[in-house]
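A closer look at the structure
In case you want the letters, here they are:
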Amino acid sequence: MGPVRTRIPPSPTGYLHVGNAWAAFFNWLFARHHGGQVVLRIEDTDPTRSSPEYERAIYEDLRWLGIEWDEGPDVGGPYGPYRQSERTGLYRAAADELVARGFAYPCYCTPEEIEAERARAQAERRAYRYSGRCRQLEPRERRAYEAAGRRAAIRLDLSSFRDPSRAQPGGWLQLRAQDGTERLCVVVRDLVRGEVVFALDELDDFLVVRSDGTALYNFANVVDDHGMRITHILRAVEHLSNTPRQLLLYHAFGWEPPEFAHLPVLVGPDRRKLSKRHGDAALREYREALYLPEALRNFFALMAWYPEDGREIFSTEELVARFDLKDVGRASPVFDRQKLVWMNGEYLRRLLREDPDRLAGLVADYLHRQGLLPDPKGPERLAYVRRVVEVLGERIKEGADVLRYGDFFFLELPHYDPKAVDAYLRSPEAARVLDLAAATLEGVQPFRAGEVEAAVRSMAQAHGLSMRQVVHPLRVALTGKTVGPGLFELMEVLGPDRVRDRLRHARTLAGAAEPAV
RNA sequence: GGCCCCAUCGUCUAGAGGCCUAGGAUACCGCCCUCUCAAGGCGGAGACGGGGAUUCGAAUUCCCCUGGGGCCA
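Along each chain, numbering runs from 1 in the same order as the chain's sequence is written. Chain A is the first chain written and ligand 1 is the first ligand written, with later ones labelled in order. Whole-chain, interface and lining totals are the exception, using all residues; otherwise, since this is a predicted model, local features are given only for residues with pLDDT of at least 70 and side-chain atom pairs are given and counted only at 80 or more. Where side-chain values are given, they derive from all heavy atoms of the structure, hydrogens and water being excluded.

**Quick word on the nonpolar core**
A general trend in soluble globular proteins is that nonpolar side chains are found buried together. Grouped together as the largest cluster of nonpolar side chains are 113 residues, with contacts concentrated most on F300, F335, F409, L441 and M491. Every helix listed is a DSSP run of H or I at least four residues long, and every strand listed is a run of E at least two residues long, numbered separately from the N terminus. It is helix α1 (residues 18-33) that provides the largest number of residues to this core, a total of 10 residues. Residues within four places of F300 in sequence aside, it is in contact with V18, A21, W22, F25, F26, L65, L283 and F335. One finds A167, L184, F219 and L240 within the second-largest nonpolar core, a separate group that totals 42 residues. Remark: nonpolar core denotes a set of buried residues (Ala, Val, Leu, Ile, Met, Phe, Trp, Tyr, Cys) joined through side-chain atoms within 4.5 Å. The classification of residues rests on relative accessible area computed with a 1.4 Å probe and restricted to protein chains. Under 20% of the type maximum is buried, over 50% is exposed, and intermediate values are partly exposed. We call two residues in contact whenever any of their non-hydrogen atoms come within 4.5 Å of each other.

Given below as structure tokens:
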């Protein structure tokens, strides 16, 4: 076999969501681990829901996540086209070939007739399977249907597969004892689940092309995957039940089927498949909320797979090196936001140490999106954001924390939390602290954390105040909140003018001062 | 309805017959540090869905049930 080739098959019907990004990442990991290639295929067969805008957004989100592809609609490649909407001729030709090889036949049953059959089966409480009544149509019966204006759909003819002599002891079609009888079975050899066996008589002559000429999912996928030389299909388990049908198709064409690996499905807290319904399902929202692609990759890997005991932080290179389908779990993991927040915090802290400028840039963009920073690229602004980031330090685990702990750095006046004001500002004692601080700070030169702290400490001592009594009212006065960075560091960043203004403003919120002693 | 997949703390998982008094992480709670918060340190609570079978011994193997998910649609 040649190099490993995997595929990422998004539908451009919306923004890339976390579940698909997760599966895409595994395809990428697997291909990279084996030094293989990744093919991006756009599954845009539904013209009413697909759009070029979403297609572009998917490229963008995938690249942001760090997933690259070697072939795709935008980069080209030898096995294109890579958009399903441009492959309809290929599907048609493949269907004709199947008919010519005697593995498929035209079916003139209308959807209404099929629906009626199905309803009857339901009413009689038996499993519905297509009757196969168009399989043996005489040429003149076909002509009659055509004359009546009916257009044929194409169905796969399973009858030839039902010949027990086709069974191969180690092959994909085997005779298996089931329920006490020997049954012809399609055996799927799944790289994560082992052998999964489907009785052939559970399957019927399924549709391959609709009467309007459009290809069905299973059929298009087989034609595409073979045409694009895909060697390994890593996809969600929800497709496991489709696999026997696809295997049938491969053999009808005389093609070597690829390897299959069915990954678990990412689910939400309600244990249902992650979808737009869950909110926060679009990968893009994480990007905008200051999540780091490297953190997401690490987190994605840990859902389904632990590279080794006792460690949780792995670089992408390590993940690539250690990736093995044998280790991938089979149960559906719940996408746990809280743990993602923690992991993102780990990566943000590392970034703070290793590349504070990059962090500052990301935070500046975030603030800009939040409407708190008009010009995020201005060098002066950036330098300021960088100082803020350093003062905020390891408090930032996601974008919201920048606002939670530091919005006041970017506001004319802080947004005063009423509870904080009630607790620390509305008292004569608080008013006195504010007055004392204003006076003390007036002379501090240079206005740096160390000097400011020394001044405030000696002031507290001189007036018999504890640091707690001093710090809390000042913090609320300057930031509007009870949580946040160290008081003196934050004062340095704010600078003497803003500190003075805010103290003055806060004074109006405070109670009347006790008579000076 | 038929078929298929899945099942360890709330969550992500380790565990592939004795190493398990079931380990780690996260979240939660407490203490320490401390100007608050965050980070960090220490500690706590918290799981093998149920029932059979195999075995000297089962979270680990087999069967049934239950629950969840999916395909046919």
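**Quick notes on the pattern of salt bridges**
The rule for a salt bridge is simple: a side-chain nitrogen of Lys or Arg has to be within 4 Å of a carboxyl oxygen of Asp or Glu. One pass over the structure, following the stated rule, counts 43 salt bridges. With a shortest N-O distance of 2.8 Å, R41 and D225 are connected by a salt bridge. One end of the pair, R41, is in the loop between β2 (37-40) and α2 (52-65); the other, D225, is in helix α6 (residues 217-227), and 184 residues separate them in sequence. The pair formed by R41 and D225 is uniform in burial state, with each residue classed as buried. Between K481 and D407 there is a salt bridge, with the nearest N and O atoms lying 3.0 Å from each other. Here K481 is found in the loop between α18 (467-479) and α19 (487-509), whereas its partner D407 is found in the loop between α14 (399-406) and α15 (418-424), with 74 residues between them in sequence. Neither residue differs from the other here; K481 and D407 are each classed as buried. One network of salt bridges, in which partners are shared, links R7, R41, E43, R87, D224 and D225.

**Observations concerning the protein's contact with RNA strand B**
Only a single heavy atom is needed: when it lies within 4 Å of a molecule or strand, its residue is near that molecule or strand. Around RNA strand B there are 50 residues in total, and A304, E312, E394, R395 and G484 lie nearest to it. The sugar-phosphate portion of RNA strand B accounts for 77% of its atoms within 4 Å of the protein, the bases making up the rest. When residues in the surface near RNA strand B are grouped by element, the largest group, five residues, is from helix α11 (residues 337-354). Here the nonpolar group is Ala, Val, Leu, Ile, Met, Phe, Trp, Tyr, Cys and Pro; Asp, Glu, Lys and Arg are the charged ones; every other residue, Gly included, is treated as polar. For the surface near RNA strand B, a count of residues per class yields 20 nonpolar, eight polar and 22 charged.

**Considerations on the confidence of the model for chain A**
A residue's pLDDT is simply how confident the predictor is in it, with values from 0 to 100. Mean pLDDT for chain A: 91, with 97% of residues reaching 70 or above. Predicted as a complex, the structure gets a pTM of 0.91 and an ipTM equal to 0.93.

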